[in-house]
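Summary of the model geometry
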Amino acid sequence: MVAEIDVATDIAGNLVEVHERIAGAASDAGRTPAAVMLVAVTKFHTADRVRQALDAGHRVFGENRVQDAEAKYPDLKQEYPDLRLHAIGPLQRNKVRRAVALFDVIETVDRPRIARAIASEMEEAGRRPDCFIEVNTGEEAQKGGVLPAEADGFIRLCRDDLGLPVLGLMCVPPLEDEPSLHFALLGKIAARNGLEELSMGMTADFEIAIRFGATLVRLGTAIFGERRSFSPLQD
Ligand SMILES: *Cc1c(COP(=O)(O)O)cnc(C)c1O
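Attention here is on the structure that accompanies the text. (Residues numbered from 1 in each chain as written. Predicted model: local features only at pLDDT ≥ 70, side-chain atom pairs only at ≥ 80, totals over all residues. Heavy atoms only, no water.)

Of the regular secondary structure elements, the protein holds 10 helices and eight strands. The C-alpha radius of gyration of the protein comes to 17 Å, within 12% of the 18 Å expected for a compact globule of 235 residues. Along the first, second and third principal axes, the C-alpha atoms of the protein reach 50 × 40 × 30 Å. For the protein, the proportion of its 235 residues judged to be buried stands at 51%. Taking all contacts inside the protein whose residues are at least 6 apart in sequence as the whole, residues at least 24 apart take part in 61%. If you sum the accessible surface of the protein, you get close to 11000 Å²; carbon and sulfur atoms cover 51% of it. (Helix = DSSP H or I, 4+ residues; strand = E, 2+ residues; numbered from the N terminus. Rg over C-alpha atoms; globule rule 2.2 N^0.38 Å. Buried < 20%, exposed > 50% of the residue type's maximum accessible area, 1.4 Å probe, protein only. Contact = heavy atoms within 4.5 Å. Areas by Shrake-Rupley, 256 points an atom, 1.4 Å probe, with all protein chains shown as cover.)

Encoded structure:
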């Protein structure tokens, strides 16, 4: 049953549809569609499905876990040198080395210990993935991200003291909340810190996120269909 659903998922068609919805939301907001990048989230989906998206011309992907990314992406990156891989899940200290080696963008820099580890690993490896700082806009205990009240100081630490290439901010609003409040807050923190990129918006709310200035939207379900398994902590 699951296999039949897999085969039936029209990934190329879904990508076309998602791009149309992004363009519609952008133009409704008076923004150019090219200002919104689509990150295709492949967590719990097979390399074969990633390949279908690559065949359809898509190149920007997101994975939550280092070990899952390592299982799928090294070969694909060889084959498609312009593939860009984003880390969008919580990072553990002991996986920072592997994360810096594999990811092109780390969206979840969220605490001093991890920021310092990334900075020293970048030095060691001579590789500098772009960084986003994750903000826990809902102040949820189980979620990663710096608290809004501590964001300015943490951004300064990352950018000025550690020299991380910080492009912008990222958030995952609480499931039950009205997302626009969180998107607006993220935009405000970014603006006062001179950061231009906002990674916000998932399948359920990306059009709202675009209205609030998202420059990256991270979509899994809208492209690849329902995930077979999930961990609440990862969502
Ligand atoms: C899974 C995930 C997404 C994509 O979620 P969908 O609802 O399937 O679009 C985006 N961002 C993060 C951090 C995720 O974990």
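Having seen the structure, we can now continue with the description.
What the rule picks out here adds up to zero disulfides. Residue Cys131 stays outside any disulfide, its sulfur separated by 7.6 Å from that of Cys158, the closest cysteine. On the basis of relative accessible area, Cys131 is assigned to the buried category, the value being 1%. Take Cys171: it sits in no disulfide, and the sulfur closest to it among the cysteines is that of Cys158, at 17 Å. (Disulfide = S-S within 2.5 Å.)

Moving on, we come to the site of the ligand. Surveying the vicinity of the ligand reveals 15 residues, the closest of which are Lys43, Thr203, Gly220, Thr221 and Arg227. At a separation of 2.6 Å, an oxygen atom of the ligand approaches a polar side-chain atom of Lys43. One of the side-chain N or O atoms of Arg218 is found 2.8 Å from a nitrogen atom in the ligand. Compared with its free state, where it exposes 390 Å², the ligand has 94% of that area covered by protein. (Near = heavy atom within 4 Å. Polar contact = N/O pair within 3.5 Å; in protein donor to acceptor, adjacent residues only side chain to side chain.)

The subject of this paragraph is the pairing of strand E3 (residues 84-87). Inspection of the sheet shows strand E2 (residues 60-63) paired to E3 by four bridges, in the parallel sense. Note that in E3 the partner of Gly62 across the bridge is His86. Crossover E2 to E3 through helix H4 (residues 66-79) is right-handed. Bridge count for E3 against strand E4 (residues 105-109) is two bridges, and the pairing is parallel. Pairing of His86 across the sheet is with Val105, part of E4. The parallel pair E3 and E4 is bridged by helix H5 (residues 96-102), and the resulting crossover is right-handed. (Pairing = 2+ DSSP bridges. Right-handed = clockwise from strand over helix to strand, strands pointing away.)

Turning next to helix H3 (residues 47-55). Looking at H3, one finds that the buried residues are Arg49, Val50, Ala53 and Leu54. Down the axis of H3, the sector holding all buried residues measures 150°, keeping them to one side. Gly57 sits one or two residues past H3 and shows a positive phi near 100°. (Arc of directions from axis to C-beta.)

Everything listed here is a matter of coordinates, which is why it stays silent on function.
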